[in-house]
2 protein chains.
Amino acid sequence: MQDNLQIQMNEFLPLRDVVFNTLRQAILTGDLKPGERLMEIHLANKLGVSRTPIREAIRKLELEGLVIMIPRRGAEVAQITEKSMMDVLEVRRTMDALCAELACERITEEALEALKKACDAFAEAVKSKDIKVIAKADVALHDIIVQATGNSRLVQLINNLSEQMYRYRFEYLKDCSRHEALIEEHRIIYESIVKRDKEAASDAAKLHIDNQEQAIIHQIRLDKENKKV
Amino acid sequence: MQDNLQIQMNEFLPLRDVVFNTLRQAILTGDLKPGERLMEIHLANKLGVSRTPIREAIRKLELEGLVIMIPRRGAEVAQITEKSMMDVLEVRRTMDALCAELACERITEEALEALKKACDAFAEAVKSKDIKVIAKADVALHDIIVQATGNSRLVQLINNLSEQMYRYRFEYLKDCSRHEALIEEHRIIYESIVKRDKEAASDAAKLHIDNQEQAIIHQIRLDKENKKV
DNA sequence: AGTACAATCCTTGTATACAAAATACATTTT
DNA sequence: AAAATGTATTTTGTATACAAGGATTGTACT
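Residues numbered from 1 in each chain as written. Chains lettered and ligands numbered in written order. Predicted model: local features only at pLDDT ≥ 70, side-chain atom pairs only at ≥ 80, totals over all residues. Heavy atoms only, no water.

**Describing the protein's contact with DNA strand C**
Right, so step 1: Leu15(A), Ser50(A), Thr52(A), Met39(B) and Arg51(B) are the nearest of the 19 residues found near DNA strand C.
Right, so step 2: Within the backbone of Leu15(A), one N or O atom sits 2.8 Å away from a phosphate oxygen of DNA strand C.
Right, so step 3: Arg16(A) places a side-chain nitrogen or oxygen 3.4 Å from a phosphate oxygen of DNA strand C.
Right, so step 4: The element contributing the most residues to the surface near DNA strand C is helix α3 (residues 51–64) of chain A, with three residues.
Right, so step 5: Per-class residue counts for the surface near DNA strand C are seven nonpolar, three polar and nine charged. (Near = heavy atom within 4 Å. Polar contact = N/O pair within 3.5 Å; in protein donor to acceptor, adjacent residues only side chain to side chain. Helix = DSSP H or I, 4+ residues; strand = E, 2+ residues; numbered from the N terminus. Nonpolar A, V, L, I, M, F, W, Y, C, P; charged D, E, K, R; others polar.)

Now the structure itself:
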């Protein structure tokens, strides 16, 4: 672990939540690498807190599946295997399709308007060629659809699943040749929802994930090759 | 809270996990009621442990959504509203359909054999008229299908969602008039999977949840009426 | 009698202390 | 030289101590 592990003092949250967010971010961005041990005293010193908030944060990470506990040895960052990522994507695919269908039923006119703007904003972001800007626009767009379902449990689950894919998001967006296709995919999803055509929206959402899956799998295999060398 | 909160020390698990399981069970069975506060010292005394394992268990319950944290006031058991239950069921419906479809693709001959036996066992259990026995047979049957997907993330999510419905399971099975229909529904699901007919399996799984939904909603409305009086 | 203010108590949030278990290393013996 | 045993260090698991912030209750004043 490099020492980029820096606590961000959101003064109003309990320390455990600050630590939780910090560690989660570190894991998702790859700053804490799979297999790396999370040693309590070490983390406590590094973050300038006691062991208690560290431990409570680890309990949450454990339930989220980001770390695994080894009895009497402590926590370590969970391995990301191709299998585990395929499992996540398989569920995500269905959930995103559900989101699109529910959005067809329930989206308000205001949200539709916002979705249209988000599509345009995404197209603009692509022009900037700045991956971070593109990623942000992408998240914003999908968030509108997810929120439009009005199902808070679904929102929570999708967020958790997205999280697992986080570290591959950038790799996937780096492939500029896909950018125009992404704009088109978003357009199709948007228009299906406008028409309240559940089947079309569902299919478009699934296709969207399938394409991401291709890119992510490709990246994982590349990583694996690199690790061997 | 009545004092049926009893820790089961037969485990070699860390205390936090024992406490976690104990509290979760208490919440799901309704022994700890929605809105009830979880006070650390009180629980610690009751379970004969210190505050630390209690706190760590609460962190996990928090992430599972079974308790909510009120800043500087501590944890209380989450309310179950009709809306939150509908949200869960809406997701469950889709996930169960996905399970059925994946099972069609991936189930092994051994698991198919086990599923057949589980169907028969359920029919037998119904004859016993013992709700607990029936519930157990029902869980076992569905578990075979879920496991057959080979998707561990999906298994985890379904378990979490089922959990939310736990306290209504018994009410739903109490309605004896539905028992024969349940056997028939299970049979249709089984036969669809045998034929590897994804669409039929998916439809059957959805219907199965829809029927549960009716019973659960009915029960919730009944509860609400009772509460008013 | 009702309201407002203050004091006390209760509970959480955080830190630290202590014990048990495991691992690693060194020393001794075969 | 290799293996085994014992010791020391590391790290978790659990308990407890301490401080700060609300909530409640009691008292005094209107």
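**Let's talk about the sheet that holds strand β3 (residues 74–77) of chain A**
Residues and elements named next belong to chain A.
Right, so step 1: Taken in spatial order, the three strands of this open sheet run β1-β3-β2, and their pairing is antiparallel. Edge positions in the open sheet fall to β1 (37–38) and β2 (67–70), since each of these has one partner strand only.
Right, so step 2: Looking at chain direction, β1 and β3 are connected through two bridges and run antiparallel. Residue pairing in the sheet places leucine 38 in a bridge with alanine 75 of β3.
Right, so step 3: Along the sheet face, α3 touches β1, β2 and β3 and points at about 110° away from the line of β2. (Pairing = 2+ DSSP bridges. Contact = heavy atoms within 4.5 Å. Axes fitted to C-alpha atoms, helices over the stretch in contact; angles between N-to-C directions.)

**Examining the state of the cysteines**
Right, so step 1: This model, assessed by the stated rule, comprises zero disulfides over all chains.
Right, so step 2: Of the cysteine sulfurs around Cys104(A), a residue in no disulfide, the closest is that of Cys99(A), at 11 Å.
Right, so step 3: For the unlinked cysteine Cys119(B), the closest cysteine sulfur is that of Cys104(B), found at 13 Å.
Right, so step 4: For Cys119(B), a relative accessible area of 12% translates into the label buried. (Disulfide = S-S within 2.5 Å. Buried < 20%, exposed > 50% of the residue type's maximum accessible area, 1.4 Å probe, protein only.)

**Considering the environment of Thr22(B)**
Right, so step 1: Here Thr22(B) lies in helix α1 (residues 15–28).
Right, so step 2: Using a relative accessible area of 6% as the deciding quantity, one classes Thr22(B) as buried.

**Some points on the pattern of salt bridges**
Two side chains with opposite charge may pair up if their charged atoms get near one another.
Right, so step 1: Here the structure, examined in full by the defined rule, presents 45 salt bridges over all chains.
Right, so step 2: Measuring nitrogen to oxygen at the nearest pair gives 2.6 Å for the salt bridge that ties Glu82(B) to Arg221(B). Here the residue Glu82(B) occupies a position in helix α4 (residues 82–106), and Arg221(B) occupies one in helix α9 (residues 198–228), the gap between them amounting to 139 residues.
Right, so step 3: The class of Glu82(B) is buried, set by a relative accessible area of 18%.
Right, so step 4: Arg221(B) gets classed as partly exposed once you look at its relative accessible area, which sits at 48%.
Right, so step 5: What you see here is one network of salt bridges that share partners, running through Arg16(A), Asp17(A), Glu56(A), Lys60(A), Glu40(B), Arg51(B), Arg55(B), Arg59(B) and Glu62(B). (Salt bridge = Lys/Arg side-chain N within 4 Å of Asp/Glu carboxyl O.)

**Some remarks on the sheet that holds strand β2 (residues 67–70) of chain B**
Sheet strands associate in pairs through backbone hydrogen bonding, adopting either a parallel or an antiparallel arrangement.
Residue and element names in this part refer to chain B.
Right, so step 1: If you walk across this open sheet you meet the three strands as β1-β3-β2, and the pairing is antiparallel. Of all the strands in the sheet, just β1 (37–38) and β2 have a single pairing partner and so form its edges.
Right, so step 2: Examined bridge by bridge, β2 and strand β3 (residues 74–77) share four bridges and lie antiparallel to one another. Along β3, the bridge assignment pairs isoleucine 68 with glutamate 76.

**Points about the packing of α1(B) against helix α3 (residues 51–64) of chain B**
All names here are of chain B.
Right, so step 1: Contact geometry of α1 with α3 gives a least axis separation of 8 Å together with a crossing angle of 50°. Compared by their axis directions, α1 and α3 come out oblique. Where α1 crosses over α3, the two elements pack in a sense that is right-handed. On the side of α1, the interface is formed by Leu15, Arg16, Asp17, Val19, Phe20, Leu23, Arg24 and Ile27, while α3 contributes Pro53, Ile54, Glu56, Ala57, Lys60, Leu61 and Glu64. (Parallel < 35°, antiparallel > 145°, perpendicular 65-115°, else oblique. Left-handed = near helix turned anticlockwise from the far one by under 90°.)

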